[in-house]
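Per-entry structural report
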Amino acid sequence: MRMTKCLVKALCCVFSSFTILLGTEGFAKPLVQLPDAEQYEVSQEQMVRIYDEARTPFKYGLVIVPGDNSHKIDCPTVFRQGDKWLMTYVVYNGQQWRDGRGYETWLAESDNLLQWRTLGRILSFRDGYWDCNQRGGFPGLLNWEWGGDYESKTYKGRHWMTYIGGEGRGYEAEEKPLYVGLAWTDNDVTKAHEWESLDKPLLSIHDKDAQWWENQVQYKSTIYYDKNKTMGYPFVMFYNAAGIHPETHYKAERVGIALSKDMKNWKRYSGNPVFSHESSGTITGDAQIQKMGDIYVMFYYSAHNPTRKYKAYNTFACSYDLVHWNEWQGEDLVIPSEDYDEKYAHKCFVLKHDGIVYHFYCAVNHNDQRGIAVATSKPMGKSKIAFPKPNNKGKD
């Protein structure tokens, strides 16, 4: 009995800052309450090392561009399968913001992360469904260890992908909401083929547990497998959405979390949003999580941020627990600086392979041409790929 009491007392001391919680209905809380944010702060001094590790001052240039001015390419996700590097990206089939149908998802392959070959579609328009006109996908369950293998892992024998889905037409379907969809395949992910999809959204702004920060539109999402169950669940989805703040009335895009034990049933984290810039019209989104030692690094982009003189940029934030995020206050990782990204340099996917960091991003010029570019930590030469000759100048 005495030994039992001593053991309990010792455990209470060790876990004195932790509290077992039960989630309120419709929301998810970590099964273990982590210490206060102040105790989990990642200092700017620590983040200097992250910045030095992740910085990519050498812009190689464009690696994937549309073949004409009637398409725009966006949102790279890069992973490895076997001896091949693969990239998914979304294609909008319009020249202006409302003259196209919407997003589809395509696949490309590479041997060296610089030269890419397009393989074909993996999420195509499908008539008669809730997502008939918008199917922009983002593969999930990628190895998030910095410098790891970046493989696409399976769950129950399937590869998984969430996607922007909806019936509204045009770029990001301004007239109708977008939702989060779920797709999967048990086939070879190195080959272009159509993935299967649910016949309804995985997450919707109309869900009973939808929160204020996502009450307008849901955008990009990515699912990670957390073997340590940091928040009490093995599957963690980061997604960004637009909503109106109930107090400031600012409409902005912010980043939040949903949690799952089985990939099918998801609960929003009760403390959402977990990361944002609270100014009207500012976008904070497209979170990509990498784990560097005991620190989680969120690579993300922001746009229309009044603290910057340029319109969009990529940078990072750090956390010990996936919930409390500390923003890097130093130089941004990628900013507009070239003729091909002079309007926007944003929407990143960052990885390290064979000692070199590759920072893929969406490059947009003043003609509103969109493609995928890459910057690297070491000089890798210059790309010979360029956008097609523009038909007319776009709007800023």
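As shown above, the structure is provided for reference.
Just so it is clear, the structure is predicted and the values come from calculations on it, not from any experiment.

1. Some details on empty space enclosed by the protein
Scanning the model with the defined rule gives 1 cavity of 30 Å³ or more in all. Approximately 100 Å³ is the volume found for the largest cavity. Considering the residues around the largest cavity, the lining is formed by 14 residues, among which L142, T222, Y224, Q288 and F349 are closest to the centre. When contributions to the lining of the largest cavity are tallied by element, the ones reaching two or more residues are β11 (217–225) and β15 (283–292). Here the element with the most residues in the lining of the largest cavity is β15; it accounts for 4 residues. Split by residue class, the lining of the largest cavity holds 8 nonpolar, 5 polar and 1 charged.

2. Here we look at the pairing of strand β6 (residues 116–123)
Looking at chain direction, strand β5 (residues 103–110) and β6 are connected through 6 bridges and run antiparallel. Paired with W106 across the bridge in β6 is R121. From the end of β5 to the start of β6, which pair antiparallel, there are 5 residues, and L113 there has a positive phi angle of about 70 degrees.

3. Some thoughts on the pairing of strand β20 (residues 356–364)
In regular strands, side chains alternate between the two faces of the sheet. With 9 of its 9 residues buried, β20 lies for the most part within the structure. Here β20 shows two buried faces, one formed by I356, Y358, F360, C362 and V364 and the other by V357, H359, Y361 and A363. With 8 bridges joining them, strand β19 (residues 344–353) and β20 adopt antiparallel strand pairing. In the sheet register, Y344 faces β20, and the bridge partner there is V364. Here β19 folds back onto β20 in antiparallel fashion, the turn holding 2 residues, of which D354 has a positive phi close to 50 degrees. Note that β20 and strand β21 (residues 370–376) share 7 bridges and pair antiparallel. Bridge pairing links F360 to V374 in β21.

4. Some thoughts on the pattern of salt bridges
Evaluation of the coordinates by the stated rule reveals 21 salt bridges. Here E194 makes a salt bridge to R135, at a shortest N to O gap of 3.2 Å. Taken together, the residues E194 in the loop between β9 (179–185) and β10 (196–197) and R135 in strand β7 (residues 134–139) connect sequence positions 59 residues apart.

5. Let's talk about the sheet that holds strand β3 (residues 72–81)
Ordered by their spatial adjacency, 4 strands build an open sheet running β3-β4-β5-β6, and the pairing between neighbours is antiparallel. On the outer flanks of this sheet lie β3 and β6, each paired with one strand and no other. Averaged over all adjacent pairs, the angle separating strand axes in this sheet is 25 degrees, with direction ignored.

6. Focus on the environment of N305
Here N305 shows up in the loop between β16 (295–303) and β17 (312–319). Within polar-contact distance, the side chain of N305 engages the side chain of T307 at 2.8 Å. Among the polar contacts made by the side chain of N305, one reaches the side chain of Y313 at a distance of 3.0 Å.

7. Concerning unusual backbone geometry
In this structure, the amide linkage connecting N272 to the following residue, P273, adopts the cis form with an omega of -10 degrees. For P273, the position within the fold is in the loop between β14 (266–269) and β15. Its identity is not glycine, yet C75 carries a phi of approximately 60 degrees, on the positive side. Topologically, C75 is positioned in strand β3. On the basis of relative accessibility, which here comes to 4%, the residue C75 falls in the buried class. Positioned with a positive phi, D368 is a non-glycine residue whose angle comes to about 60 degrees. When you line up the elements, D368 lands in the loop between β20 and β21.

8. Notes on the packing of aromatic side chains
The description of an aromatic ring pair rests on the distance of the ring centres and on the angle between the ring planes. Tallying each qualifying case throughout the model produces 23 aromatic pairs. Considering the side-chain rings of Y225 and F235, the 5.9 Å spacing of their centres and the 50 degrees angle between planes classify their relative orientation as tilted. In this pair, Y225 is assigned in strand β11 and F235 in strand β12 (residues 235–244), connecting sequence segments 10 residues apart. The exposure class of Y225 is partly exposed, given its relative accessible area of 44%. A network of ring pairs unites the aromatic residues W144, Y224, F238, Y296 and W325 as a single cluster. The ring of W97 has K72 lying over it, and the distance from NZ or CZ to the ring centre is 5.0 Å. Across the ring face of Y163, the terminal group of R135 is positioned such that the distance to the ring centre comes to 5.3 Å.

9. A word on the sheet that holds strand β2 (residues 58–64)
Ordered in space as β2-β21-β20-β19, the 4 strands form an open sheet in which the pairing is antiparallel. Sheet topology places β2 and β19 at the edges, where each strand pairs with a single neighbour. This sheet shows a mean twist of 25 degrees between the axes of neighbouring strands, independent of strand direction.

10. Things to note about the layout of surface pockets
Over the atoms, a rolling probe the size of a water molecule traces out where space has been left empty. The computed volume of the largest pocket comes to approximately 770 Å³. Along the walls of the largest pocket sit 33 residues, with Y171, E172, Y219, E253 and I283 positioned nearest its centre. Elements with a minimum of two residues in the lining of the largest pocket: β11, β12, β13 (251–260), β15, β16 and β19. A breakdown of the residues in the lining of the largest pocket according to their chemical character gives 15 nonpolar, 5 polar and 13 charged.

Rules and cut-offs
Residues numbered from 1 in each chain as written. Predicted model: local features only at pLDDT ≥ 70, side-chain atom pairs only at ≥ 80, totals over all residues. Heavy atoms only, no water. 1 Å grid on protein atoms, 1.4 Å probe; cavity = no way out; pocket = protein on both sides within 12 Å on 5 of 7 lines; lining within 4 Å. Points joined across faces, edges and corners; volume = space filled by probe spheres on them. Helix = DSSP H or I, 4+ residues; strand = E, 2+ residues; numbered from the N terminus. Nonpolar A, V, L, I, M, F, W, Y, C, P; charged D, E, K, R; others polar. Pairing = 2+ DSSP bridges. Buried < 20%, exposed > 50% of the residue type's maximum accessible area, 1.4 Å probe, protein only. Salt bridge = Lys/Arg side-chain N within 4 Å of Asp/Glu carboxyl O. Axes fitted to C-alpha atoms, helices over the stretch in contact; angles between N-to-C directions. Polar contact = N/O pair within 3.5 Å; in protein donor to acceptor, adjacent residues only side chain to side chain. Phe/Tyr/Trp six-rings, centres within 6.5 Å; stacked < 30°, edge-to-face > 60°. Lys NZ or Arg CZ within 6 Å of the ring centre and 35° of its normal.

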